[in-house]
Amino acid sequence: DTGVSQDPRHKITKRGQNVTFRCDPISEHNRLYWYRQTLGQGPEFLTYFQNEAQLEKSRLLSDRFSAERPKGSFSTLEIQRTEQGDSAMYLCASRPDGDSNIQYFGAGTRLSVL
Amino acid sequence: AQRVTQPEKLLSVFKGAPVELKCNYSYSGSPELFWYVQYSRQRLQLLLRHISRESIKGFTADLNKGETSFHLKKPFAQEEDSAMYYCALSGGNQFYFGTGTSLTVIP
């Protein structure tokens, strides 16, 4: 197990295009999180899954953003009609059930919207 | 509103000197506090959390509920401690991160 995997590592797109990112969590980690990080800021929470259920979604999350985790394993984050302000690092993290609240992060997908 | 504040964006100390990275939080409840670290070209990883009350790589952090602080300390900084440090708070199903402090240890 190589940890949390994110694909692609980098994505360059034109404004108005749709993009989709994938996250593969650590095996048997039922809980999965998506974050966005812009330059000079810490990770900003976007959404949270427990198995396939999306239990939490940031109020800051635009309707253009949607996330899925259809089989409770990998997750996808889609951004529709991208804007330049969407340029950021998108991080995925996972953790197992139980008392441990330790999150394990992926390397992230860097999105650049031209 | 939930918030994590790290007042220092940049911090430089000489090797062997003590280091303290400040973190203050606001949360209406009993949060769990963490320090995450990101070394150059590596992913974000947990350094320590207040529940475990342990020392990792010589770092310690004590949760002060009265001052709502969770400062990170190390008595003698090492060059390999140079990294980006984020204080984080867990409340419910969400995590809140501070803006981070970039620590540089000068040889």
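Refer to the structure printed above.
How each quantity is defined
- Residues numbered from 1 in each chain as written.
- Chains lettered and ligands numbered in written order.
- Predicted model: local features only at pLDDT ≥ 70, side-chain atom pairs only at ≥ 80, totals over all residues.
- Heavy atoms only, no water.
- Helix = DSSP H or I, 4+ residues; strand = E, 2+ residues; numbered from the N terminus.
- Rg over C-alpha atoms; globule rule 2.2 N^0.38 Å.
- Core = buried A, V, L, I, M, F, W, Y, C linked by side-chain atoms within 4.5 Å.
- Buried < 20%, exposed > 50% of the residue type's maximum accessible area, 1.4 Å probe, protein only.
- Contact = heavy atoms within 4.5 Å.
- Buried area = accessible area lost by both parts, 1.4 Å probe.
- Salt bridge = Lys/Arg side-chain N within 4 Å of Asp/Glu carboxyl O.
- Polar contact = N/O pair within 3.5 Å; in protein donor to acceptor, adjacent residues only side chain to side chain.
- Pairing = 2+ DSSP bridges.
- Disulfide = S-S within 2.5 Å.

## A closer look at the overall build of chain B
In step 1: Assigned secondary structure in chain B consists of zero helices and 11 strands.
In step 2: From first element to last, N terminus to C terminus, chain B shows the α and β order β-β-β-β-β-β-β-β-β-β-β.
In step 3: The C-alpha radius of gyration of chain B comes to 13 Å, within 12% of the 13 Å expected for a compact globule of 107 residues.
In step 4: Once the C-alpha set of chain B is aligned to its principal axes, its extents read approximately 40 × 30 × 25 Å.

## Some thoughts on the nonpolar core
In step 1: With 24 residues, the main nonpolar core has B:W35, B:L72 and B:Y85 as its most contacted residues.
In step 2: Listed by contribution, the elements that provide at least two residues to this core are strand 2 (10–14), strand 3 (19–21), strand 5 (32–38), strand 6 (45–49), strand 9 (83–91) and strand 11 (101–106) of chain B.
In step 3: When residues of this core are assigned to their parent elements, the largest contribution, four residues, is made by strand 9 of chain B.
In step 4: If you look at the next biggest cluster of nonpolar residues, it comprises 19 residues, including A:L32, A:L46, A:F49 and A:A88.

## Here we look at the interface of chain A and chain B
In step 1: If you look at the interface, chain A gives 22 residues, while chain B gives 16 residues.
In step 2: Surface buried jointly by chain A and chain B totals about 1600 Å² across both partners, of which 50% is contributed by carbon and sulfur atoms.
In step 3: Our count for the contact surface shared by chain A and chain B stands at zero salt bridges.
In step 4: The interface formed by chain A and chain B includes eight residue pairs in polar contact (both at pLDDT 80 or more).
In step 5: The set of elements that each furnish at least two residues to the side of chain A that touches chain B consists of strand 4 (31–37), strand 5 (44–50) and strand 6 (53–57) of chain A.
In step 6: Sort the elements by how many residues they give to the side of chain A that touches chain B and strand 4 of chain A lands first, with three residues.

## A few points about the pairing of strand 9 (residues 88–95) of chain A
All names here are of chain A.
In step 1: Counting buried residues in strand 9 gives eight out of eight residues, a clear majority hidden from the surface.
In step 2: Residues A88, Y90, C92 and S94 line one face of strand 9 and the alternating positions M89, L91, A93 and R95 line the opposite face, and both faces are buried.
In step 3: Summarising the sheet, strand 4 and strand 9 pair through seven bridges and their orientation is antiparallel. Paired with Y35 across the bridge in strand 9 is L91.

## Points about the pattern of salt bridges
Residue and element names in this part refer to chain B.
In step 1: Throughout the structure, instances matching the rule amount to 10 salt bridges over all chains.
In step 2: E32 is the partner of R49 in a salt bridge, and the nearest nitrogen-oxygen pair spans 3.1 Å. Here R49 is found in strand 6, whereas its partner E32 is found in strand 5, with 17 residues between them in sequence.
In step 3: Here R49 falls in the buried class, since its relative accessible area comes to 17%.

## Focus on the state of the cysteines
In step 1: Within the structure shown, the criterion is met by two disulfides over all chains.
In step 2: The disulfide partner of A:C23 is A:C92, and the S-S distance across this bridge is 1.9 Å. Since a negative S-S torsion denotes a left-handed disulfide, the A:C23-A:C92 link at about -70° is left-handed. On the criterion of sequence distance, the pair formed by A:C23 in strand 3 (residues 19–24) and A:C92 in strand 9 is long-range, its members being 69 residues apart.
In step 3: Since its relative accessible area comes to 0%, A:C92 is described here as buried.
In step 4: Disulfide pairing is shown between B:C23 and B:C87; the S-S distance is 2.0 Å. Between B:C23 and B:C87, the S-S torsion sits near -65°, and that sign places the bridge as left-handed. Within this pair, whereas B:C23 is found in the loop between strand 3 and strand 4 (24–26), its partner B:C87 is found in strand 9, the two being separated by 64 residues in sequence.
In step 5: Assessed through its relative accessible area of 0%, B:C87 is described here as buried.

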